[in-house]
Amino acid sequence: MLLSADHLDLLARLRATRPLVHNLTSATVANFTANALLAVGASPAMVEDPEEAAQFAGIAQAVSVNLGSLTATRRASILAAVGAAQKHGTPWVLDPVGAGGISARTAFAEELLAHHPAAIRGNASEILALAGGTGGGRGVDSSHASDQAIAAAETLARGSAAVVAVTGVVDYVTDGTQTLAVHGGHAMMTQVTGMGCAASAIVAAFVGIESDHLRAVAAALSVVAASGTSAATKSQGPGSFAAAYLDALAG
Amino acid sequence: MLLSADHLDLLARLRATRPLVHNLTSATVANFTANALLAVGASPAMVEDPEEAAQFAGIAQAVSVNLGSLTATRRASILAAVGAAQKHGTPWVLDPVGAGGISARTAFAEELLAHHPAAIRGNASEILALAGGTGGGRGVDSSHASDQAIAAAETLARGSAAVVAVTGVVDYVTDGTQTLAVHGGHAMMTQVTGMGCAASAIVAAFVGIESDHLRAVAAALSVVAASGTSAATKSQGPGSFAAAYLDALAG
Amino acid sequence: MLLSADHLDLLARLRATRPLVHNLTSATVANFTANALLAVGASPAMVEDPEEAAQFAGIAQAVSVNLGSLTATRRASILAAVGAAQKHGTPWVLDPVGAGGISARTAFAEELLAHHPAAIRGNASEILALAGGTGGGRGVDSSHASDQAIAAAETLARGSAAVVAVTGVVDYVTDGTQTLAVHGGHAMMTQVTGMGCAASAIVAAFVGIESDHLRAVAAALSVVAASGTSAATKSQGPGSFAAAYLDALAG
């Protein structure tokens, strides 16, 4: 992987610290997310029950909230977890899957902003929708390129006080003042389900060990991009790519 | 893959169209199903909540309903989704997992027939049970060979006005008048969980882009069979086979 | 795989019998668990609904209960399944994921002991907690080495009349009188989510075909360890390891 000295340094610190990342996510991506966190060097916990969610958010180093396949139960668990995270000062990351495409998801994502996420990672349509624009994703896919959402990401970052990452062919990370671009990755990453969700969990792991959240999010997305680039050279299609990506994250 | 010119043509159309397939399925197979749809060239959405399910069925090109690990919530979501699919004229596919083996699944599958699935895909025991015979699968495995259920599939197709596919060593696809056989596949496909469920979702993707449903279902199962045959030559066991199968679907 | 003649004999019997193993487990590990059971030669059923759980426990050869990502619904399903298992004399296995780390899991695991599991498999922290000590795992990871929990495992085995396995770098299996050590495995096994959960399901499969439960559990963990050792030689990281492990289980 071609990572800057600073990002390699943060990755080494993550592996030494082994942060416990508490995930509230969908059944579709839970396994891949847990394996991605293990591969990168974090310790995943996947909790569904509202009571357990609050208890876990108190002992974790970071919480990762994903709105994929949202249910009434997971909505309650997410609220319990982010409430506990706020109370304990645990940083948490929001992945607003489907915001803009499904009205109830947009509304819930907006409600969650009041609980002060440390970072938000989404595709262009999701970030446009959350920033108050007309995202209009098709299902959970983006209808926009990431650079079309840079201004929206900056607006959202200033309004929410969160670091906002909009990912795509190029990723952009902003705190509303400074905006960084992360290059790399591979088109194959769009052919494996849960790549974005796992990226958000990796963002949470980095935010859990580094209080400069702009730096932490950029490092996380650089590790993701470099692993994707590396995995593409060792795979023959999306099935072998998914395994090679986990291998690369652990490399 | 050795596919007929007609099936290659449909596959090319699927990839150009990229149909959004809305899946109601179990946690066990959700990830593999989503990855299989992405690999073949469709866009998967995995929705669990009844309200979201109705909303999604209205914007999808096809709906795939799977009865594996059925719960009260998923039963409600399935009814909401097939109701919305009927209302919008969206074709939907029924995979009656466990019908014949578990009484509540048989009853629910029969209830769903009233909502006019475009296609039904099951193993021999499931199709025998749905056609009113005594399927009696052992758990979710079939106790019968696929050719023992050809007559039942034809009866079920005439009664339900759906195209019925009974899969096994040889797959049979019928509209009640014409019955086609699909050869190929590999025994390794029975050693990976969710292969049948993913096949049903791929059937839904093809039914979503081609109104001649007999032709669409046969094309889908031919792609599945050819991918299984190809993957078997590149794998050392069920773990590497699953990855090679996704690679082959994308090939 | 380097297995003793006795363990090879039991594995051959398992493959000839193809026991139906009914699993109550989390969404995160359900797919991997089902694939591990298929690979080793058993027939998995993943059931979530309380009514279906009771029905399935009556026809299965063994039941595997896993407390990962516990919810109110799964708690009800587990109680229905172990109740039906007891009634039908079906052996069942308890994997007390998170006992010691999350108070509600410890309490529920203790409640389940009254339903007489045939075997219990956990890491050192979980077994220490269940034996009445102060396990205090960090999330779902163990804070202790397996040999620190040998005495606790023996105490728990005598108190519960179950065979108890505490797994780690070395696995220990005890009925309270006799204690066996199982060597092998590989450090990579801690980098893939659900390896322990799948091991418990494989324990259930062996307990389902062999009434000498000490022998059955030792054979199951030997197959798991040998498969892990073999897979490590054929993989480049945790992603390829997971696939190679399933290949090895089927070998």
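**Student:** When you look at the relation of the copies chain A and chain C in this model, what are you seeing that I'm missing?
**Tutor:** Each of the two chain copies goes to the other by way of a rotation about an axis and a shift along it. Of the transformation placing chain A onto chain C, the axial shift is 0.0 Å and the rotation is 120°, giving an RMSD of 0.0 Å. Considering both components of the superposition, the chain copies are consistent with a three-fold axis. Scanning chain A for the C-alpha nearest the rotation axis identifies A27(A), at a separation of 3.0 Å.

**Student:** Help me out: how do you make sense of the packing of aromatic side chains in this one?
**Tutor:** Think of a pair of aromatic rings as described by two things: how far the centres are apart, and how the planes are tilted against each other in angle. Evaluated as defined, the whole model comprises six aromatic pairs over all chains. Between the aromatic rings of F241(A) and Y245(A), the centroid separation amounts to 6.2 Å while the plane-to-plane angle is 20°, which identifies the pairing as stacked. With F241(A) and Y245(A) both in helix α10 (residues 238–249), this residue pair falls four residues apart, about one helical turn. The pair F241(A) / Y245(A) is uniform in exposure class, with both members buried. Here the aromatic rings of F32(B) and Y245(B) are separated by 6.2 Å at their centres, their planes lie at 25°, and the arrangement is stacked. Of the two residues, F32(B) sits in helix α2 (residues 30–40) while Y245(B) sits in helix α10 (residues 238–249), which places them 213 residues apart along the sequence. Members of the aromatic cluster, joined through ring pairs, are F32(A), F241(A) and Y245(A). When the ring centre of F108(A) is taken as reference, the NZ or CZ atom of R75(A) above it lies at 5.7 Å.

**Student:** Would you take a moment to explain the interface of chain A and chain B for this structure?
**Tutor:** How big an interface is tends to be stated in terms of the accessible area lost upon association of its parts. Taken together, the contact between chain A and chain B spans 25 residues of the former and 26 residues of the latter. Taken together, both faces of the contact between chain A and chain B bury some 2,000 Å²; the carbon and sulfur share is 49%. Linking chain A with chain B are one salt bridge, by the criterion used here. Residue R105(A) is joined to E52(B) by a salt bridge in which the shortest nitrogen-to-oxygen separation is 2.8 Å. At the surface where chain A touches chain B, the tally comes to seven residue pairs in polar contact (both at pLDDT 80 or more). Only α2 (27–40), α4 (72–88), α5 (103–113) and α10 of chain A provide two or more residues apiece to the side of chain A that touches chain B.

Rules behind the numbers
Residues numbered from 1 in each chain as written. Chains lettered and ligands numbered in written order. Predicted model: local features only at pLDDT ≥ 70, side-chain atom pairs only at ≥ 80, totals over all residues. Heavy atoms only, no water. Least-squares fit on C-alpha atoms with pLDDT ≥ 70 in both. Phe/Tyr/Trp six-rings, centres within 6.5 Å; stacked < 30°, edge-to-face > 60°. Helix = DSSP H or I, 4+ residues; strand = E, 2+ residues; numbered from the N terminus. Buried < 20%, exposed > 50% of the residue type's maximum accessible area, 1.4 Å probe, protein only. Lys NZ or Arg CZ within 6 Å of the ring centre and 35° of its normal. Contact = heavy atoms within 4.5 Å. Buried area = accessible area lost by both parts, 1.4 Å probe. Salt bridge = Lys/Arg side-chain N within 4 Å of Asp/Glu carboxyl O. Polar contact = N/O pair within 3.5 Å; in protein donor to acceptor, adjacent residues only side chain to side chain.

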